Amino acid sequence: MRILLVEDEPTLAAQLAAGLAAAGYVVDSAHNGVDAHFMGDTEAIDAVVLDLGLPQMDGITVLKKWRAAGRAMPVLILTARDGWHEKVAGIDAGADDYLSKPFHMEELLARLRALIRRAGGHASAELTCGPLTLDTRTHRATVDGQALALTSHEYRVLAYLMHHQGEVVSRTNLVEHIYAQDFDRDSNTVEVFIARLRKKLPPRLIETIRGLGYRLASPQ
Ligand code: CA
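Residues numbered from 1 in each chain as written. Predicted model: local features only at pLDDT ≥ 70, side-chain atom pairs only at ≥ 80, totals over all residues. Heavy atoms only, no water.

### Comments concerning the sheet that holds strand E11 (residues 206–209)
Link 1 in the chain: What the three strands build is an open sheet, ordered E10-E12-E11; its pairing is antiparallel. Because the sheet does not close on itself, it has two edges, and the strands there are strand E10 (168–169) and E11.
Link 2 in the chain: Examined bridge by bridge, E10 and strand E12 (residues 213–216) share two bridges and lie antiparallel to one another. Considered in E12, the bridge of Val169 is made with Tyr214. (Pairing = 2+ DSSP bridges. Helix = DSSP H or I, 4+ residues; strand = E, 2+ residues; numbered from the N terminus.)

Set out below in structure tokens:
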């Protein structure tokens, strides 16, 4: 899952980027409203953490422009302490949730998990597909209760497929969601991750749809 992190305060931005990466997310960072708007408008982003007080273009304007253009990804806004009017303006502009500064990283991660799973139509933090279970809180995947040993990239591929189970996901789509913008992306690596995942998963869980991509679905 790929997160766009928009925060102009360097220390906080670095802390948040580190915390999100440690939680298994791919992180793209923007430090002003203009870059943020461009990245959210052009990149395949699964969720946004958006500070409202930003140089060049404020967060509310960025959010309104995304929504006006039909960009529907979940957005969690960061507001000043006691900034109730900011929260109201943010929610009216299309924010899905908010956090007031200062906050605990754990709370930000919990809210983000909830936004991402709701965006995918999942009510629980634990995603299941046949014998396979993925706990998005602990990043543990199990098959019939047995834990799978996954690398961080294998986890990202599996998490993306689990959030979109039953749908055909193209290789390009996977590449866009498992690597950040500035990463040297190679779509051949996706095939490698899929091949490794298949060795660890029950047969036929990940289907190849010729010419289109992959689909994770319970074989029954
Ligand atoms: Ca700020």
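Once the structure has been displayed, the description carries forward.
### Some remarks on the sheet that holds strand E7 (residues 132–135)
Link 1 in the chain: The antiparallel open sheet is built from four strands, whose spatial order is E6-E7-E8-E9. At either end of the open sheet lies a strand with only one pairing partner, and these are strand E6 (126–129) and strand E9 (146–147).
Link 2 in the chain: Relative to E9, strand E8 (residues 140–143) is paired through two bridges, and the arrangement is antiparallel. The residue of E9 that forms the bridge with Val143 is Gln146.

### Describing the side chain of Arg117
Link 1 in the chain: Assignment of secondary structure puts Arg117 in helix H5 (residues 105–119).
Link 2 in the chain: Of the side chains with opposite charge, Asp135 lies nearest to the buried Arg117, which makes no salt bridge, at 8.1 Å. (Buried < 20%, exposed > 50% of the residue type's maximum accessible area, 1.4 Å probe, protein only. Lys, Arg positive; Asp, Glu negative; His and termini not counted. Salt bridge = Lys/Arg side-chain N within 4 Å of Asp/Glu carboxyl O.)

### With respect to helix H7 (residues 171–178)
Link 1 in the chain: Residues of H7 that are buried: Leu174, Val175, His177 and Ile178.
Link 2 in the chain: The elements touched by buried residues of H7 are strand E1 (2–6), strand E2 (26–30), helix H6 (152–163), E10, helix H8 (187–200) and E12. (Contact = heavy atoms within 4.5 Å.)

### A short note on the pattern of salt bridges
Link 1 in the chain: Using the criterion set out here, one finds 12 salt bridges in the structure.
Link 2 in the chain: Measuring nitrogen to oxygen at the nearest pair gives 2.6 Å for the salt bridge that ties Glu154 to Lys200. Note that Glu154 is positioned in helix H6 and Lys200 in helix H8, a separation of 46 residues in sequence.
Link 3 in the chain: When salt bridges that share partners are traced, they join Arg2, Asp28 and Glu43 into one network.

### Quick notes on the side chain of Arg2
Link 1 in the chain: Positionally, Arg2 belongs in strand E1.
Link 2 in the chain: Within the local environment of Arg2, its side chain forms a polar contact with the side chain of Glu43, the two groups lying 2.8 Å apart. (Polar contact = N/O pair within 3.5 Å; in protein donor to acceptor, adjacent residues only side chain to side chain.)

### Considerations on the coordination of the calcium ion
Link 1 in the chain: Protein-derived ligands of the calcium ion are Asp8 (OD), Asp51 (OD) and Gly53 (O), with the metal-ligand distances lying across 2.2 to 2.3 Å.
Link 2 in the chain: In primary-sequence terms, the residues that donate to the calcium ion follow D-x42-D-x1-G.
Link 3 in the chain: Relative accessible area serves as the criterion here: at 43%, Gly53 is assigned to the partly exposed category. (Donors = N, O, S within 2.8 Å, 3.2 Å for Na, K, Ca; no water.)

### Digging into the domain arrangement of the chain
Link 1 in the chain: In terms of domains, the chain is made up of domain 1 (2–119) and domain 2 (126–216).
Link 2 in the chain: Between the C-alpha centres of domain 1 and domain 2 there is a distance of 25 Å.
Link 3 in the chain: At the junction of the two partners, domain 1 supplies 15 residues and domain 2 supplies 14 residues.
Link 4 in the chain: In total, domain 1 and domain 2 occlude about 1,100 Å² of area from one another, counting both sides; carbon and sulfur atoms represent 51% of this.
Link 5 in the chain: Taken together, domain 1 and domain 2 are joined by zero salt bridges.
Link 6 in the chain: Put simply, domain 1 and domain 2 have three residue pairs in polar contact (both at pLDDT 80 or more) between them.
Link 7 in the chain: Among the secondary structure elements, those contributing two or more residues to the side of domain 1 that touches domain 2 are E2 and H5. (Domains from an automatic or database assignment. Buried area = accessible area lost by both parts, 1.4 Å probe.)

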